[in-house]
Amino acid sequence: MVQTRFSIAAVALLAWSATASAQMLPPPAKPAVPKAASPRAASCHNGASFDRFLTEVKQQAAAAGVSQRTIAEASPYLVYDQGIVNRDRGQRVFGQLFTEFAGRMAAPYRMQNGQQHIKQYATAFARAEKEYGVPPAVIAAFWGLESDFGANMGNLPTLKSLVSLAYDCRRSEMFVNETIAALKIIDRGDLHPDEMIGSWAGELGQTQFLPVHYVNYAVDYDGDGRRDLLRSPADVIGSTANYIANGLKWRRGEPWLEEIKVPPNLPWEKTDLTVREPRSTWAQLGVTYPDGRPLPNDNLAASVLLPMGRFGPAFMAYPNFAAYTEWNNSLIYATTAGYLASRIAGAAPMRKPAAPVAQLPFNELKDLQQLLVRAGFNVGKVDGVLGQQSRAAVKATQIKYGLPADSWPTAELLARMRGGTAQVLPQTTVR
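Each chain carries its own residue numbering, running from 1 in the written order of its sequence. Where local features are concerned, this predicted model is filtered to residues with pLDDT of at least 70; where side-chain atom pairs are given and counted, the filter is 80 or more; whole-chain, interface and lining totals use all residues. Only hydrogens and water are set aside; all other atoms, that is, all heavy atoms of the structure, feed into the side-chain values.

**Observations concerning the overall build of the protein chain**
Thinking step 1. A run of H or I in DSSP becomes a helix once it reaches four residues, and a run of E becomes a strand once it reaches two; helices and strands are each numbered from the N terminus. A count of helical and extended segments in the protein chain gives 18 helices and eight strands.
Thinking step 2. In the protein chain, which comprises 431 residues, the share counted as buried stands at 54%.
Thinking step 3. Accessible surface, the protein chain as shown: approximately 18200 Å² in total, 51% of it carbon and sulfur. Note on classification: 1.4 Å probe, protein chains only; a residue is buried when its accessible area is under 20% of the maximum for its type, exposed when over 50%, partly exposed between these limits. All accessible-area figures derive from a Shrake-Rupley calculation using a 1.4 Å probe, and residue coverage is judged against the displayed protein chains alone.

Below, the structure is given as structure tokens:
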């Protein structure tokens, strides 16, 4: 997990994962020490070879307090793998509809598994909630989504992944820091180099911490003298709570995400995470709970979140929802994680849309992004995926054309941007 989480494709792979629980998992199999490759000299390192670059990283690690013994012990694993870099450059973020992704990732079996883990590790969960103020359901949801409670933590050598991404120019400084943090984990006795097995992006453990977060937030909750996020459920629970509370600034005692029902005449331009109003204001505008019950008439600030526009599911997102978007900057993932946590905590399943929600085909959405760029908007990468920057650009353009500004791209909006003369292609529909 990272502040603006990038290892999105790795999470999507969990859609097909087993439901097995990780209670006290055996140590991972020790991998064969990989042989070093000979990568092309990276331009961002002034043409320095990987070996020379690695020597400098080791020097930085030593200056940061890592012992020579640890550096020597880890050295056989600090090798370059072009395949890791290729995966990083080729990863694709979420392109599914929210209802598809949430239907799979927040399925009833994962909700039930989360509830079972809360019961099984009740002592650790209760301690974490008392110390950090993070509800058990919130921890359990991330635990389930990230690794199916330890069943799927990845199978690649962490040090190799980190140092390969450090040598690559895309995010070199970040991964140099992560490599040094991984050496610190070894140095303080939490894990051995051959135990450091995880995702291709260098994340470790049952809630997929990057090494910097492992160093800063992992806690020894089972009292064995190690912070073991691979095998100790207690350490996983306490460490995840610590990160959510202190790293993501969780607000004790406050909600995070609730499903709501929106009226057909809601001022759609206000439905955005950047717009917060008291619940009493949303109630006056006709927003209710799904069963028609009124919202509390109080001043608790909240945003209306429409992940699929005004015809799809609707949620009240509270300040604590920022912890989810910080954990993973994909709105689809963040909303799914918040929704799963609410389900584990006892909320009812979200309502299905009253009618199919139309979605622009991939190529049409990519065309729309290109038109938005030409209009002066920054949509991030033009990739046919509706990220938060694209949503903001869509909303602004909807306002310009006098369309309902719900941030959801439509064939009508695309036709307007094309000048109103282009043929509107059929849209796919999802129930």
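Next, the rest of the story.
**Remarks on the packing of aromatic side chains**
Aromatic rings considered in pairs are described by the distance between their centres and by the relative angle of their planes.
Thinking step 1. A pair of Phe, Tyr and Trp rings is counted when the ring centres sit within 6.5 Å of each other, with Trp represented by its six-membered ring. The angle between the planes then sorts it: under 30 degrees is stacked, over 60 is edge-to-face, the rest tilted. Within the structure shown, the criterion is met by 18 aromatic pairs.
Thinking step 2. With 5.1 Å between their ring centres and 70 degrees between their planes, Tyr 217 and Tyr 243 make a pair best called edge-to-face. With Tyr 217 in helix 11 (residues 211-217) and Tyr 243 in helix 12 (residues 233-247), the pair connects residues that are 26 residues apart, well separated along the chain.

**Overview of the state of the cysteines**
Thinking step 1. Disulfide: a pair of cysteine sulfur atoms within 2.5 Å of each other. Scanning the model with the defined rule gives one disulfide in all.
Thinking step 2. With a sulfur-sulfur separation of 2.1 Å, Cys 44 is cross-linked through a disulfide to Cys 169. Judged by the sign of its S-S torsion, about -95 degrees, the cystine formed by Cys 44 and Cys 169 is left-handed. Of this pair, Cys 44 sits in the loop between helix 1 (8-12) and helix 2 (50-63) while Cys 169 sits in the loop between helix 9 (158-167) and helix 10 (172-187), and the two are 125 residues apart along the sequence.
Thinking step 3. Since its relative accessible area comes to 30%, Cys 169 is described here as partly exposed.

**Let's talk about the sheet that holds strand 6 (residues 314-317)**
Thinking step 1. By this definition, two strands are paired if DSSP reports at least two bridges between them. The four strands lie next to each other as 3-6-5-4, forming an open sheet whose pairing is antiparallel. Single-partner strands in this sheet number two, and they are strand 3 (257-260) and strand 4 (277-278).
Thinking step 2. In the sheet, strand 3 pairs with strand 6 via four bridges, with the strands oriented antiparallel. Note that in strand 6 the partner of Leu 257 across the bridge is Ala 317.
Thinking step 3. Contacts between helix 15 (residues 331-344) and the sheet are confined to strand 3, strand 5 (301-305) and strand 6, with strand 3 contributing the most and set at about 90 degrees to the helix. For this analysis, residues touch if any pair of their heavy atoms sits within 4.5 Å. As a rule, the C-alpha atoms of each element are fitted with a line to give its axis, helices using only the stretch in contact, and angles between N-to-C directions run from 0 to 180 degrees.

**Focus on the side chain of Thr 179**
Thinking step 1. Inspection of the secondary structure puts Thr 179 in helix 10.
Thinking step 2. Contacts of Thr 179, omitting those with residues within four sequence positions, involve Val 57, Leu 78, Leu 162, Val 163 and Ala 166.

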